[in-house]
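Tertiary structure, described
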Amino acid sequence: MSDRNSRQSFLGAHSDAQIKALVVGIVGLSGGGSHIVQQLRHVGFRRFRLFDPELLEDSNLNRVVIATPGDVGQAKAEIAKAAILAFDPDAEVKAIQGRWQDSPELLRECDVIFGCLDGFSERDQLEVFCRRNLIALIDVGMDVHPGAPPRITGQAILSMPGHQCMRCMGFLNDNVLAKEAAQYGAAGINPQVVWPNGILASTAVGIAVELATGWSQERGPVYMTYDGNRRLVAPHYCIGKMHPCTHFPLREAGDPIFAAL
Amino acid sequence: MHGSLKTLEATVETIRKDLARPHEFSLERVGFLYCRPSGENIIGIDYVPVPDDEYERTDDPVCIISAKPIRAVMERVYRTKEIVFHVHCHDFPGELELSGFDRREIPKLLASLSSVVKKPHGILLFGPGSARAWRWEDERLVPIDVVTLGFPISKGGGR
């Protein structure tokens, strides 16, 4: 146990090595992803695969906690890479300014992927990828619903191969995907603020540390919901009531194989 | 070392439970883990034990199985184009390593499998709380990481 991590020795005698060994992917490096980058480097994660196609805009500065005004115009992936290396120059960081779908080999190297994505369709695609390649997925997201007052909601979900998926949890279904597809191109500005991002990212990092070390001995899928108006994070009522997952049979994992019938 | 053999915790539990069952006369049990490629990695999807009556008696302290389960493996691999790992367990303390018999005999099976379907077939060896794997590449056994997806995720041979 290094001196730097002595205050987290309760995670286990081998926790330093366990945390260092995992390759973590972060898909989306704005509000949620930037908090996750920041916390993972402090916990001691050292192997990162970062994906975001966008450049930092001035309107991102209200929540991208690793950026400064001087970073506007820079690639978010490169800003995240620099933030990690400034803290840990020996970290292994591969940053892609592009779509994760275009770099599947790099994403396949991951043991855990944080999905910090807007929209259900892309979440669905990322979960399919993770299930196919036996990778743990931690989905993080928040939303602000119009009303008087507006309502802030969010979620942190662990979709673990062999356990229930986001469809089993009711978070993804054909209705929300169809509704999103019907609104394609008309979504407008998606409201985002820094503090729910931080709360949900912290919850997600806690899940990743559990996956790396097993310190709390909690097992199984996780679906934490966030009520930003009541400042409440709580397990979704579906946890403990779900049937085994039938959406992603293990026999369908891996690359397609072409065999004669 | 490149690529990993990835399995679910539930698959590992199934394998360990099967291999730990005492046999009437065989000192060890054997099974086959059918796998699919995932880029550079290999994913274990289906474990099939060797039936009790397919072990053969021998005076040597080794495990011999009949030709029937091997034929079944070859037929399945020919049909499905899957990758297959020979699975057994050395349930005693000390460094987890293949025996001389393993290194001499199992590669013959892997070479035969490769002639049926040219894929990186291999060996998965369990020990007390650990596991190691090798894949058959260029006529030799190449060690690969074993990753078990569970709580926690085990990398590099634990569990």
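Residues numbered from 1 in each chain as written. Chains lettered and ligands numbered in written order. Predicted model: local features only at pLDDT ≥ 70, side-chain atom pairs only at ≥ 80, totals over all residues. Heavy atoms only, no water.

1. Points about the sheet that holds strand S5 (residues 136-145) of chain A
Residue and element names in this part refer to chain A. Heads up, the rule is: We call two strands paired when DSSP finds no fewer than two bridges between them. Numbering of helices and strands runs from the N terminus; a helix is a DSSP stretch of H or I covering at least four residues, while a strand is a stretch of E covering at least two. Only the contacting stretch of a helix is used when fitting its axis, a line to C-alpha atoms as for every element, and angles between N-to-C directions run 0 to 180 degrees. By definition, residues are in contact when any of their heavy atoms lie within 4.5 Å.
Ordered by their spatial adjacency, eight strands build an open sheet running S3-S2-S1-S4-S5-S6-S7-S8, and the pairing between neighbours is mixed. Two strands lie at the open edges of the sheet, namely strand S3 (92-96) and strand S8 (232-235), each paired on one side alone. Between one strand and the next, the sheet's axes are offset by a mean angle of 15 degrees, whatever the strand orientation. Of the strands in this sheet, strand S1 (23-27), strand S2 (47-51), strand S4 (112-115) and S5 are in contact with helix H2 (residues 31-43), which crosses S1 at around 160 degrees. Across the sheet, helix H7 (residues 194-213) touches S4, S5, strand S6 (151-159), strand S7 (222-227) and S8, and the angle it forms with S5 is around 165 degrees.

2. Looking at the environment of A:Phe171
Residue and element names in this part refer to chain A. Residue position: Phe171 is located in the loop between S6 and helix H6 (174-182). Linking Phe171 and Ala77, residues 94 residues apart in sequence, is a C-alpha distance of 28 Å. Not counting chain neighbours up to four residues away, the residues in contact with Phe171 comprise Phe120, Arg123, Asp139, Gln155, Ile157, Met166, Val176 and Tyr223.

3. Let's talk about the nonpolar core
All names here are of chain A. Selection rule: For the purposes of this section, nonpolar cores are sets of buried Ala, Val, Leu, Ile, Met, Phe, Trp, Tyr and Cys residues that join through side-chain atoms within 4.5 Å. Under the scheme applied here, a residue whose accessible area is under 20% of the maximum for its type counts as buried, over 50% as exposed, and between as partly exposed, the area being computed with a 1.4 Å probe on protein chains only.
Residues Ile26, Ile36, Phe45, Leu50, Phe114 and Ile138 are the most contacted members of the largest nonpolar core, which totals 54 residues. At nine residues, H7 tops the list of elements feeding residues into this core. Non-local contacts of Phe114, meaning those with residues more than four positions away in its chain, are made with Val24, Gly25, Ile26, Val27, Ile36, Leu40, Ile138, Ala204, Val205 and Ala208.

4. Regarding the interface of chain B and chain A
Our working rule: A simple way to read buried area is as the amount of 1.4 Å-probe accessible surface that goes missing from two parts once joined, with both sides added. Every case where a carboxyl oxygen of Asp or Glu lies within 4 Å of a side-chain nitrogen of Lys or Arg is listed as a salt bridge.
On the chain A side, the residues contacting the 26 residues of chain B number 37 residues. Buried area between chain B and chain A, summed over both chains or domains, comes out near 2,400 Å², and the portion from carbon and sulfur atoms is 60%. Put simply, chain B and chain A have two salt bridges between them. Taking the shortest distance from any N to any O, the salt bridge between A:Asp111 and B:Lys155 comes out at 2.8 Å.

5. Some thoughts on the environment of A:Pro104
Tracing the sequence through the fold places A:Pro104 in helix H4 (residues 104-108). A C-alpha to C-alpha distance of 35 Å links A:Pro104 and A:Ser9, two positions 95 residues apart in sequence.

6. Details of the pairing of strand S8 (residues 130-137) of chain B
All names here are of chain B. Note that strand S7 (residues 122-127) and S8 share six bridges and pair antiparallel. Within S8, the residue paired with Phe126 across the bridge is Ala131. Following S7, the chain reverses through two residues before pairing antiparallel with S8; Gly129 in that reversal takes a positive phi of roughly 75 degrees. Relative to strand S9 (residues 140-149), S8 runs antiparallel, the two being bridged by five bridges. What sits directly across from Ala133, in S9, is Ile144.

7. Some points on the environment of A:Gly154
Residues and elements named next belong to chain A. By the element assignment, Gly154 lies in strand S6. Judged by relative accessible area, Gly154 falls into the buried class, the value being 11%. Setting aside its immediate chain neighbours within four residues, Gly154 contacts Gly141, Met142, Leu200, Met224, Thr225 and Tyr226.

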